[in-house]
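One-letter residues, chain by chain:
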Amino acid sequence: MTKAKKKAKKAPAKKLAVITGSKAAPPKDVRALTDRWADYEQLAKDIGTGLDAVYSMRSRNRIDAGHWKAVVASARKRRIAGVTLELLADMHAAKLKAA
């Protein structure tokens, strides 16, 4: 068992009220986005990365463009509303603008 797997954290319980309706506000950043999955291991598995990569995405507050399609597909599969390529591109642009 890897170190990351041992300390795998669950996403905050408040978001477990699955965000499926079209009225759900889009997440403001990558951290808020990743919190919409039941846990980070689920997200890592869905997008084909390790848990360390998900923690890295959260700490950098950025998702590599190579993972965007997988993140959108995972959100659709998990019925997580509001996750689109446009949203990810907007988050990326905002991060670049802030730098």
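Residues numbered from 1 in each chain as written. Predicted model: local features only at pLDDT ≥ 70, side-chain atom pairs only at ≥ 80, totals over all residues. Heavy atoms only, no water.

1. A short note on the nonpolar core
Part 1 of the reasoning: Membership of the largest hydrophobic core comes to 21 residues, with the highest contact counts inside it found for Leu-33, Trp-37, Ile-63, Val-71, Val-83, Leu-88 and Met-91.
Part 2 of the reasoning: Taken together, the elements giving at least two residues each to this core come down to helix H2 (30-34), helix H3 (40-47), helix H4 (51-60), helix H5 (68-77) and helix H6 (85-98).
Part 3 of the reasoning: Other than its neighbours up to four places away in sequence, Leu-33 contacts Pro-27, Ile-63, Val-71, Val-83, Leu-88 and Met-91. (Core = buried A, V, L, I, M, F, W, Y, C linked by side-chain atoms within 4.5 Å. Buried < 20%, exposed > 50% of the residue type's maximum accessible area, 1.4 Å probe, protein only. Helix = DSSP H or I, 4+ residues; strand = E, 2+ residues; numbered from the N terminus. Contact = heavy atoms within 4.5 Å.)

2. Focus: H6
Each turn of an α-helix holds 3.6 residues, which means side chains three or four residues apart point in the same direction.
Part 1 of the reasoning: Taking 1.5 Å per residue as the helical rise, H6 with its 14 residues ought to reach 20 Å, and the 20 Å between its terminal C-alpha atoms agrees with that figure.
Part 2 of the reasoning: Those residues of H6 that fall on the buried side of the exposure criterion are Leu-87, Leu-88 and Met-91. Down the axis of H6, the smallest arc covering the buried residues is 100 degrees, so these residues share one side. In H6, those exposed residues whose orientation departs by more than 90 degrees from the buried face are Glu-86, Leu-96 and Lys-97. (Expected span 1.5 Å × (residues − 1). Arc of directions from axis to C-beta.)

3. A closer look at the confidence of the model for the chain
Part 1 of the reasoning: Of the residues in the chain, 77% reach a pLDDT of 70 or more, and the chain-wide mean stands at 84.
Part 2 of the reasoning: Confidence scores differ between elements of the chain, with helix H1 (residues 3-6) showing the lowest mean pLDDT of 54 and H5 the highest of 97.
Part 3 of the reasoning: A low-confidence stretch, residues 12-22 (pLDDT under 50), is modelled with 17 contacts involving residues beyond four sequence positions or located in other chains. (pLDDT = per-residue confidence, 0-100.)

4. What about the packing of H5 against H6?
Each pair of packed helices gets described by two things: the angle between the helix axes and the distance between those axes.
Part 1 of the reasoning: In the contact formed by H5 and H6, the axes pass within 9 Å of each other and the chain directions differ by 130 degrees. Looking at the two axes, H5 sits oblique to H6. When the axes of H5 and H6 are compared, the crossing they make is right-handed. Taken together, the residues of H6 that come into contact with H5 (itself represented by Trp-68, Lys-69, Val-71 and Val-72) are Leu-85, Leu-88, Ala-89 and His-92. (Axes fitted to C-alpha atoms, helices over the stretch in contact; angles between N-to-C directions. Parallel < 35°, antiparallel > 145°, perpendicular 65-115°, else oblique. Left-handed = near helix turned anticlockwise from the far one by under 90°.)

5. Some details on the packing of aromatic side chains
Part 1 of the reasoning: Scanning all chains against the criterion turns up 1 aromatic pair.
Part 2 of the reasoning: Between Tyr-40 and Tyr-55 the ring centres are 5.8 Å apart and the planes differ by 75 degrees, which places this aromatic pair in the edge-to-face class. With a gap of 15 residues between them, Tyr-40 in helix H3 and Tyr-55 in helix H4 connect regions that are remote in the sequence. Across this residue pair, the class does not change: Tyr-40 and Tyr-55 are buried. (Phe/Tyr/Trp six-rings, centres within 6.5 Å; stacked < 30°, edge-to-face > 60°.)

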